[in-house]
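Notes for the structure review
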Amino acid sequence: SVLNIPFDKAVVVTQITIVPGFNYVAPDGRDEWSRHRLITGVTWRLGGKTYPQAINPTRTGATIKLPSVVTQEMSMTITASTRPPAPADNADRIGKEGSASAADADATTAISSIIITGYPVDPGA
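Since we're looking at a predicted model, the values are computed, not measured. (Residues numbered from 1 in each chain as written. Predicted model: local features only at pLDDT ≥ 70, side-chain atom pairs only at ≥ 80, totals over all residues. Heavy atoms only, no water.)

This brings us to the packing of aromatic side chains. Scanning the model with the defined rule gives one aromatic pair in all. Ring centres 5.9 Å apart and planes at 20° place the aromatic pair F22 and Y24 in the stacked group. Y24 gets classed as partly exposed once you look at its relative accessible area, which sits at 38%. (Phe/Tyr/Trp six-rings, centres within 6.5 Å; stacked < 30°, edge-to-face > 60°. Buried < 20%, exposed > 50% of the residue type's maximum accessible area, 1.4 Å probe, protein only.)

Shown next, in the form of structure tokens:
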């Protein structure tokens, strides 16, 4: 899957943080983290170059620092994902009681957030 991200004006991107799963627990206790595939690799394309990012999927996210890349558009391509971990006592189900089966979890991949850090090329414009 590819996500294209355009900017209105040229920007300098210095880092990107991604939360590679659905980091949400419903009021009834259903944990969405365990109901969707978790991203373990992406490739960022910006400034005419590619920046691969290996991800250890955690709820706090993963950050890649970039060498101040100037761009007006960028993209993210998911290159790898994994099933969420299953509890040892419930190997045929993913996550807590009442959660999705492995086949259900394989049907979707989630991202909670992408935070792009940087600044405008021309802050006065």
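On to the pairing of strand 3 (residues 49-54), then. Two strands pair when backbone bridges link them, and strand 2 (residues 38-46) and strand 3 are joined in this way by six bridges, in the antiparallel orientation. The partner of V42 across the bridge, within strand 3, is Q53. Hairpin geometry of strand 2 and strand 3 is characterised by an intervening segment of two residues between the two adjacent antiparallel strands and by a positive phi of about 60° at G47. (Pairing = 2+ DSSP bridges. Helix = DSSP H or I, 4+ residues; strand = E, 2+ residues; numbered from the N terminus.)

This part covers the sheet that holds strand 3. The strand order across the open sheet built from five strands is 3-2-4-1-5, with neighbouring strands paired in antiparallel fashion. The open sheet has two free edges, formed respectively by strand 3 and strand 5 (113-120), since each of these has just one partner strand. The sheet shows a mean angle of 30° between the axes of neighbouring strands, direction not considered. In the sheet, strand 1 (residues 2-19) pairs with strand 5 via eight bridges, with the strands oriented antiparallel. Within strand 5, the residue paired with Q15 across the bridge is T117. (Axes fitted to C-alpha atoms, helices over the stretch in contact; angles between N-to-C directions.)

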